[in-house]
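# Structural overview
Below, each chain spelled out in residue letters.
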Amino acid sequence: MSLTFHWFLPTNGDSRHVVGGGHGTPATAFGRDRPPSVAYLSQIARAAEDLGFVGALTPTGAWCEDAWLTTAMVSQNTERLKFLVAFRPGFVSPTLAAQMASTFQRQTGGRLLLNVVTGGESHEQRAYGDFLGKDDRYRRTGEFLRIVRELWEGKTVDLVGEHLQVEDATLARVPDPAPEVYFGGSSPIAGEIAARHADVYLTWGEPPTAVAEKIAWIRRLAAEQGRTVRFGIRLHVITRDTSEQAWTEANRLVDGFDPEAVKAVQAGLARSESEGQQRMLALHGGSRDALEIHPNLWAGIGLVRGGAGTALVGSHEEVAERIKEYAALGIEEFVLSGYPHLEEAYWFGEGVLPGLAAQGLWTHPFRTVTDVGPTAQVPFAGAASAPRPR
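Residues numbered from 1 in each chain as written. Predicted model: local features only at pLDDT ≥ 70, side-chain atom pairs only at ≥ 80, totals over all residues. Heavy atoms only, no water.

### Re the overall build of the protein chain
- On a plain count of helices and strands, the protein chain comes out with 13 helices and 13 strands.
- Computed over C-alpha atoms, the radius of gyration of the protein chain comes to 20 Å, within 12% of the 21 Å expected from 2.2 N^0.38 for 390 residues, which places it in the range of a compact globule.
- In terms of its C-alpha atoms, the protein chain occupies a principal-axis envelope of roughly 65 × 50 × 40 Å.
- Looking at the protein chain as a whole, 57% of its 390 residues qualify as buried.
- Counting contacts in the protein chain only where the partners sit at least 6 residues apart, residues at least 24 apart contribute 75% of the total.
- Of the charged side chains in the protein chain, 37 are positive and 46 negative; the average position of the first set lies 1 Å away from that of the second. (Helix = DSSP H or I, 4+ residues; strand = E, 2+ residues; numbered from the N terminus. Rg over C-alpha atoms; globule rule 2.2 N^0.38 Å. Buried < 20%, exposed > 50% of the residue type's maximum accessible area, 1.4 Å probe, protein only. Contact = heavy atoms within 4.5 Å. Lys, Arg positive; Asp, Glu negative; His and termini not counted. Charge placed at Lys NZ, Arg CZ, Asp CG, Glu CD.)

### Topic: the side chain of Glu 124
- Considering the arrangement of structural elements, one finds Glu 124 in helix α4 (residues 122-127).
- Of the polar contacts made by the side chain of Glu 124, one reaches the side chain of Arg 88; its length is 3.4 Å. (Polar contact = N/O pair within 3.5 Å; in protein donor to acceptor, adjacent residues only side chain to side chain.)

### Notes on unusual backbone geometry
- Residue Pro 177 follows Asp 176 across a cis peptide bond; omega there is 0 degrees.
- Mapped onto the fold, Pro 177 is located in the loop between β6 (165-169) and β7 (181-184).
- With an omega dihedral of -15 degrees, the bond running from Tyr 339 to Pro 340 counts as a cis peptide bond.
- Positive phi is not limited to glycine here, since Asn 296 has a value of about 70 degrees.
- Here Asn 296 lies in the loop between β10 (292-294) and β11 (297-298).

### Focus on the packing of aromatic side chains
- In the structure shown here, the tally under the stated rule is 10 aromatic pairs.
- With centroids separated by 6.2 Å and ring planes inclined at 75 degrees, the aromatic side chains of Tyr 138 and Phe 183 adopt a geometry described as edge-to-face. Of this pair, Tyr 138 sits in helix α5 (residues 134-152) while Phe 183 sits in strand β7, and the two are 45 residues apart along the sequence. For the pair formed by Tyr 138 and Phe 183, the shared burial category is buried.
- Here the aromatic residues Phe 5, Trp 7, Phe 53, Phe 334 and Phe 348 are joined through ring pairs into a cluster of three or more. (Phe/Tyr/Trp six-rings, centres within 6.5 Å; stacked < 30°, edge-to-face > 60°.)

### Notes on the confidence of the model for the protein chain
- Mean pLDDT over the protein chain stands at 92; residues scoring 70 or higher make up 94%.
- Contacts for the low-pLDDT stretch residues 372-390, under 50 throughout, to residues beyond four places or in other chains number 53 contacts. (pLDDT = per-residue confidence, 0-100.)

### Here's the deal with the packing of helix α3 (residues 94-108) against α5
- One way to put it is that α3 packs onto α5 with a least axis distance of 9 Å and a crossing angle of 45 degrees. The angle between the axes of α3 and α5 places the two elements in the oblique class. For the pair α3 and α5, the sense of crossing is right-handed. Along its contact with α3, which presents Pro 94, Thr 95, Ala 97, Ala 98 and Ala 101, the element α5 presents Phe 144, Ile 147, Val 148, Leu 151 and Trp 152.
- Each residue belonging to the contact of α3 with α5 can be placed in one class, and the counts come to nine nonpolar, one polar and no charged. (Axes fitted to C-alpha atoms, helices over the stretch in contact; angles between N-to-C directions. Parallel < 35°, antiparallel > 145°, perpendicular 65-115°, else oblique. Left-handed = near helix turned anticlockwise from the far one by under 90°. Nonpolar A, V, L, I, M, F, W, Y, C, P; charged D, E, K, R; others polar.)

### A closer look at the pairing of strand β4 (residues 112-116)
- Burial runs high along β4: five of the five residues are buried.
- The alternating pattern of β4 places Leu 112, Leu 114 and Val 116 on one face and Leu 113 and Asn 115 on the opposite face, and all of these are buried.
- Two strands pair when backbone bridges link them, and strand β3 (residues 82-87) and β4 are joined in this way by five bridges, in the parallel orientation. Its bridge partner being in β4, Phe 83 is matched across the sheet by Leu 112.
- Handedness of the crossover joining β3 and β4 through α3: right-handed. (Pairing = 2+ DSSP bridges. Right-handed = clockwise from strand over helix to strand, strands pointing away.)

### Side note on helix α10 (residues 275-284)
- Taken as a whole, α10 has its buried residues at Gly 276, Gln 277, Met 280, Leu 281, Leu 283 and His 284. Buried residues of α10, viewed axially, fall in a sector of 150 degrees; they line one side.
- Where α10 is buried, its residues contact β8 (200-204), α9 (259-270) and β10.
- The distance from a side-chain oxygen at the start of α10 to the backbone nitrogen of Gly 276 is 3.3 Å, and the residue carrying that oxygen is Ser 274. (Arc of directions from axis to C-beta.)

The following block contains the structure:
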């Protein structure tokens, strides 16, 4: 078994501090430290490609640059890295989306993956002209994915659905291969749609017990549809040569959080309709106390950022152990990020991946065993006792 790792393109800006934003909250001022230019994002993408990440997630929303346009430009500066493009199906017709994906596949040599985001914030959806309620948005997503998948199969589609209608829809050229669909959600209707349409079900970084429950839930629902689904997890990482160094970095980040900014972000996120976002908030309760919610799983990021709010923190060896713990539950794909994204990609790629390779859990997707480079197998540095986060 070889685990799959993806990195993240910070199209809301990057910094040595945490850049907030997402789920109806704007990007924070730290996003101006390293603006999300094509040149900088391409630098991150090339580093991720060299280190052995298969793909890079690009977010969607009013708080960041458009994912389709940005990845189309960055793709021209890379060779093999795939792009996990987040998009909201309510903002574009299914036939046009299927055509866009097909074009992207041809122009990049099959390097598109799709992260379908239904949208958990009605006020943000309305800003884009979408006035459906949450459950109806999920039902529309189901109709959308049905149309798109049939078009990718070369079918002519006629559908009069509850929310979408197409007549004599077809593609002149189908994508080869069809992009895989990544999908997440914690509500009952989200699980239903994931079971019917997702190739990979994504969960945010909750403690292993909660993740195991989600996996069992989606497996059962998918089996009822006669399907199987792979599983992935979305996490930040702070990994260093020693545990002490990693926790020192985590404490530095949380020390940089302005108390008033934390209050404002938490108030905004508390209004979220996303069940997954509410589960993230419950991990820390808006408090800086007891942020290590499971060994090496730190909830500090969620104090100032919507969406994924937890990080794996520790020595390279400790972080590898937590990855193995999630893998034992059935997680096959890890979508990771860290501040700043360029440097943290190297900390993980040079520190954690060689250890996983030595244990037979990972192989570089773009290199042969005779290649040399930053992911050559090297021993772990010894872990030291560390101050726990405040």
